[in-house]
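Structural characterization, general
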Amino acid sequence: MTRETTVTADLYDVAVIGYGPTGATAANLLGRQGLKVLVIERDPDVYGRARAISTDEEVLRIWQSVGLADRLQQDMLPDRPAAFVDADGVPFIETTIFARGSGHPAQQFIYQPAVDHVLREGVERFDTVEVLLEHECLRVLAKSDHVELMLADLRTDTFKRVRASYVIAADGGSSPTRGQLGIGYAGNTYAERWVVIDTKVLTEWDAHDRLRFHCNPDRPTVDCPTPLGHHRWEYPARAGEDEQKLVSEPEIWKVLEDQGITRENVEILRAVVYSHHVRVADRWRVGRIFLAGDAAHAMPPWIGQGMSAGVRDAANLCWKLAAVLAGRAPDALLDSYEAERKPHVVEVTRRACLVGRVITERNRVVAAVRNHALRALTKLPGVLRGGQKLYWIPDARYNEGFFTRPGKDAAGWQIPQPWVTDDAGATVRLDDVVAGRWTVLHTGVAPAGARAWAELGVPAIALAGPGDAAGPGAVRDIDGTLIVWLRQKKAAAVVLRPDGFIYTAAESGQRLPAPPAGYELAPTRTGAHT
């Protein structure tokens with residue numbers, strides 16, 4: 001017999017539904033702010049099957065903000081070469097992903113269960129975060145000043161109600177929360193099924209540590225290293241092939257042996273068949289409830305951005321929730337979450353689909369032309385770097401949202417993160433100096449208008465050049481890359497939001513625009529663990 005327990009005394013600041021990388025990142029970000037958070041997760045433990053296999057420098061920068069980047073990178077495989085190869089295994093594109101100045105390796109291959117464990121260990125640092133495993137959120141009901149959630153304890157078959165000021169639904173592509181809210185999930189599902197083979201490496205082989213896209217019209221295959229002694233292959237099922245047979249060991253070994261991989265090289269851990277999705281939710285906010293991660297968008301895996309996009313969602317949303325909950329910002333700030341993130345996700349998805357078309361071209365004549373043209377083009381100076389700007393991850397930049405003059409010059413861009421020397425002589429990353437606060441950063445003398453920001457508690461940091469000494473309250477840009485970047489953006493002073501994106505900027509001699517009306521920009525409240 002089941003029983004219902006009504007819990008109304010406690011009001012959480014934020015309830016997070018789903019404890020994958022998006023939900024766990026959100027819990028770390030909110031816990032670091034000292035907020036009272038409830039995490040709800042159906043499964044009893046970390047999902048054991050590797051799903052995401054790569055991430056990027058911007059995501060590591062987000063995890064740096066909660067003190068986990070260095071630990072996470074111990075279990076990652078950075079900056080591996082990538083090659084697009086023809087049916088004979090001869091590359092027509094060979095490259096590595098170029099860094100964009102975020103202070104971390106440009107691309108990292110990951111083993112997702114290991115990432116999930118570290119993120120969850122990070123959450124355990126925060127006494128204000130409560131995690132309910134083996135609980136399912138059956139219903140969300142929005143009230144005028146809070147959200148009521150009905151939870152089922154799957155271990156005891158009991159029910160309880162909890163309340164939260166806001167809810168982040170990071171409950172996956174089949175999001176029950178999105179369904180309850182009646183939000184459309186528009187897009188397509190590719191008809192072609194893909195086989196995913198995860199293996200344990202027994203004996204290494206030539207090119208075991210690099211990413212290869214086998215652009216073979218007969219059987220396109222992704223051959224991908226993953227850390228901690230793992231390797232993955234993905235390839236499409238042919239028309240009429242039976243799924244059960246496809247994931248049987250004899251059929252798997254046929255594909256692997258065609259690439260020279262034997263039983264001495266790997267042990268097969270698991271094999272599954274899945275379909276690629278291209279979908280975006282019609283709305284990412286309904287009152288006090290927000291969608292994030294796969295609940296808000298799904299994309300094919302070609303540039304490894306599914307998980308990373310969800311982590312970016314959490315970083316964009318959580319500082320805004322903290323500001324609104326603390327009474328430092330109006331609720332309207334939260335509308336900028338979708339305005340900023342959705343166009344970026346759509347562009348990432350477009351690029352993933354573009355790369356997928358290159359890999360999976362089945363017409364032999366077109367494939368031959370592709371191979372010849374790209375092999376010739378990539379020999380030209382600057383083409384590899386320039387090409388990545390067109391087909392790989394787009395810049396960390398928002399054209400619309402909570403900025404002044406969005407889309408012009410520096411406003412809306414995420415500032416690069418160089419290594420700097422502070423006034424005590426310590427060498428640190430820039431974000432560790434800024435520490436998640438609103439900050440005025442300037443070269444030369446403090447700009448006119450900076451005092452209005454200082455009166456709201458916003459600190460100012462002077463940026464010195466490589467050959468200059470860092471005076472009190474200043475930092476020295478060790479290699480000068482940030483100073484050059486600011487000069488290119490025509491900015492002598494910028495105001496950074498807590499997520500490192502530039503709210504506003506001023507050229508040399510210009511007055512810094514005034515702070516936004518109705519906002520209190522005091523330093524971000526942090527918990528005991530940073």
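Criteria and cut-off values
- Residues numbered from 1 in each chain as written.
- Predicted model: local features only at pLDDT ≥ 70, side-chain atom pairs only at ≥ 80, totals over all residues.
- Heavy atoms only, no water.
- Helix = DSSP H or I, 4+ residues; strand = E, 2+ residues; numbered from the N terminus.
- Buried < 20%, exposed > 50% of the residue type's maximum accessible area, 1.4 Å probe, protein only.
- Areas by Shrake-Rupley, 256 points an atom, 1.4 Å probe, with all protein chains shown as cover.
- Lys, Arg positive; Asp, Glu negative; His and termini not counted.
- Charge placed at Lys NZ, Arg CZ, Asp CG, Glu CD.
- Phe/Tyr/Trp six-rings, centres within 6.5 Å; stacked < 30°, edge-to-face > 60°.
- Lys NZ or Arg CZ within 6 Å of the ring centre and 35° of its normal.
- Pairing = 2+ DSSP bridges.
- Axes fitted to C-alpha atoms, helices over the stretch in contact; angles between N-to-C directions.
- pLDDT = per-residue confidence, 0-100.
- Contact = heavy atoms within 4.5 Å.
- Expected span 1.5 Å × (residues − 1).
- Salt bridge = Lys/Arg side-chain N within 4 Å of Asp/Glu carboxyl O.
- Arc of directions from axis to C-beta.

Turning our attention to the overall build of the protein. When you go through the protein residue by residue, the secondary structure sums to 14 helices and 26 strands. Along the first, second and third principal axes, the C-alpha set of the protein runs to 70 × 70 × 40 Å. For the protein, with 530 residues in total, the buried portion stands at 53%. Approximately 22100 Å² of the protein is accessible, and the part contributed by carbon and sulfur atoms is 51%. With 62 positive and 67 negative side-chain charges, the protein shows a spacing of 4 Å between the two charge centroids.

Applying the stated rule across the entire model yields 17 aromatic pairs. Measuring from ring centre to ring centre gives 6.1 Å for Trp319 and Trp438, while their planes differ by 80°; the resulting arrangement is edge-to-face. Pair noted here: Trp319 is in helix α8 (residues 306-325) and Trp438 is in the loop between α12 (430-434) and β22 (439-442), with a separation of 119 residues, a long-range link. On the basis of relative accessibility, which here comes to 5%, the residue Trp438 falls in the buried class. Ring centres 6.2 Å apart and planes at 90° place the aromatic pair Phe402 and Trp438 in the edge-to-face group. You can see Phe402 sitting in the loop between α11 (383-391) and β20 (419-422) and its partner Trp438 sitting in the loop between α12 and β22, a full 36 residues away along the chain. Assessed through its relative accessible area of 12%, Phe402 is described here as buried. The structure contains a cluster of three or more aromatic residues connected by ring pairs, namely Trp319, Phe402, Trp438, Trp453, Tyr503 and Tyr519. Here the guanidinium or amino end of Arg385 rests over the ring plane of Phe98, the centre of that ring lying 4.1 Å away. Between the NZ or CZ atom of Lys489 and the centre of the ring of Trp413, over which it lies, the distance is 4.3 Å.

So, about the sheet that holds β22. Overall, mixed pairing links the seven strands, which are arranged β21-β20-β24-β23-β22-β25-β26 in an open sheet. Strands at the two margins of the open sheet, each flanked by one partner only, are β21 (427-429) and β26 (502-506). The mean inter-strand angle of the sheet, taken between neighbouring strand axes irrespective of direction, is 30°. As paired elements, strand β23 (residues 460-464) and strand β24 (residues 474-477) share three bridges and run parallel to each other. Residue pairing across strands places Leu463 opposite Val475, the latter belonging to β24.

This part covers the confidence of the model for the protein. Here the protein averages 91 in pLDDT, and 96% of its residues register 70 or above. Note on residues 524-530: pLDDT under 50 across the span, and 21 contacts to partners over four residues away in sequence or across chains.

Another aspect to go through is the pairing of β24. Each regular strand displays side chains that alternate between the two surfaces of the sheet. Pairing geometry for β20 and β24, over three bridges, is antiparallel. Residue pairing in the sheet places Val420 in a bridge with Asp477 of β24.

Another aspect to go through is helix α4 (residues 112-123). Helix length check: α4 (twelve residues) gives 17 Å between terminal C-alpha atoms against 16 Å at 1.5 Å per residue, within 8%. Among the twelve residues in α4, ten count as buried, and that is most of the element.

Tracing the chain through its elements places Gly401 in the loop between α11 and β20. Taking the C-alpha atoms as reference, Gly401 lies 26 Å from Cys353; in sequence the two are 48 residues apart. Not counting chain neighbours up to four residues away, the residues in contact with Gly401 comprise Ser336 and Glu340.

Here the focus is the environment of Ala368. Its place among the elements puts Ala368 in helix α10 (residues 364-377). For Ala368 and Ala87, which are 281 residues apart along the polypeptide, the C-alpha to C-alpha distance reads 9.7 Å.

Bringing the pattern of salt bridges into the picture now. Throughout the structure, instances matching the rule amount to 30 salt bridges. Taking the shortest distance from any N to any O, the salt bridge between Asp218 and Arg364 comes out at 2.5 Å. Residue Asp218 is found in the loop between β13 (211-214) and β14 (221-226), and its partner Arg364 is found in helix α10; the two are separated by 146 residues along the sequence. Between Lys254 and Glu251 there is a salt bridge, with the nearest N and O atoms lying 3.1 Å from each other. With a gap of three residues between them, Lys254 and Glu251 both fall in helix α7 (residues 249-258), about one helical turn apart. Ionic contacts of the salt-bridge type, sharing partners, join the residues Lys320, Glu340, Arg497 and Asp499 into one network.

For α10, spanning 14 residues, the distance from its first C-alpha to its last is 20 Å, which sits close to the expected 20 Å at 1.5 Å a residue. Inspection of α10 places Ala367, Arg370 and Asn371 among the buried residues, and these make up the whole buried set. What you see down the axis of α10 is that its buried residues fit within an arc of 95°, all on one side. Every exposed residue of α10 that faces more than 90 degrees away from the buried side is listed here: Val365, Val369 and His372. Lining the buried residues of α10 we find β6 (91-95) and α9 (336-359).

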